[in-house]
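Topology and contacts: notes
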Amino acid sequence: MSERAAPFYCPYCGDEDLRPSEEGHGAWECRACSRAFTLKFLGLLSRERHANSPHGGVS
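This one's a predicted model, so the numbers in the text were calculated from it and none came from an experiment.

What counts, and at which threshold
Counting starts from 1 at the beginning of each chain's written sequence and moves along it residue by residue. The model is predicted, so local features are restricted to residues of pLDDT at least 70 and side-chain atom pairs to those at 80 or more, both for listing and for counting; the totals for chains, interfaces and linings are taken over all residues. As a rule here, side-chain values come from all non-hydrogen atoms in the structure, and water together with hydrogens is ignored. A run of H or I in DSSP becomes a helix once it reaches four residues, and a run of E becomes a strand once it reaches two; helices and strands are each numbered from the N terminus. Summary of the burial criterion: residues with accessible area below 20% of their type's maximum are buried, those above 50% are exposed, and those between are partly exposed, where the area comes from a 1.4 Å probe applied to protein chains only. Note on contacts: a residue pair is in contact if any heavy atoms of the two residues lie within 4.5 Å. Only buried Ala, Val, Leu, Ile, Met, Phe, Trp, Tyr and Cys residues count toward a nonpolar core, and they belong to the same one when joined by side-chain atoms within 4.5 Å. Whether two aromatic rings pair depends on their centres lying within 6.5 Å, for rings of Phe, Tyr and Trp, where Trp uses its six-membered ring; planes under 30 degrees apart make the pair stacked, over 60 edge-to-face, and the rest tilted.

Now for the environment of Leu-39. Looking at the element boundaries, Leu-39 is found in the loop between β3 (36-38) and α1 (47-51). Taking relative accessible area as the criterion, Leu-39 reaches 42% and is therefore assigned partly exposed. Separated by 12 residues in sequence, Leu-39 and Ala-27 place their C-alpha atoms 6.5 Å apart. Once residues lying within four places of it in the same chain are set aside, the contact partners of Leu-39 are Pro-7, Gly-26 and Trp-28.

Here is the structure:
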C-alpha cells in the first residue's frame, strides 16, 4: 500500500501550511485560514470519457 497523498495547498486560501486532521482519513487543516476540509479519491477516468471532454482530451 502506498503513502497517503498530501495536498500541496489549501483549496480555500492557497496557503501551504497544511496538517493532517484527527477527524479521519483524507481530512486536512489549514493553519493559515483555520479551515478544515477532506479530500477523497474517486477513481480514474476512462480513456473514452477523457477523450470526449470539453478540452478535447488535453489536460
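By size, the foremost hydrophobic cluster in this structure holds five residues: Cys-10, Leu-18, Trp-28, Cys-30 and Phe-37. Those residues in contact with Phe-37, other than ones at most four positions away along the chain, are Pro-7, Cys-10, Pro-11, Tyr-12, Leu-18, Gly-26, Ala-27 and Trp-28.

Moving on, we get to the packing of aromatic side chains. Applying the stated rule across the entire model yields one aromatic pair. For the ring pair Tyr-12 and Phe-37, a centre distance of 6.2 Å and an interplane angle of 65° mean the geometry is edge-to-face. Taken together, the residues Tyr-12 in the segment before β1 (18-20) and Phe-37 in strand β3 connect sequence positions 25 residues apart. The exposure class assigned to Tyr-12 is exposed, which follows from its relative accessible area of 52%.

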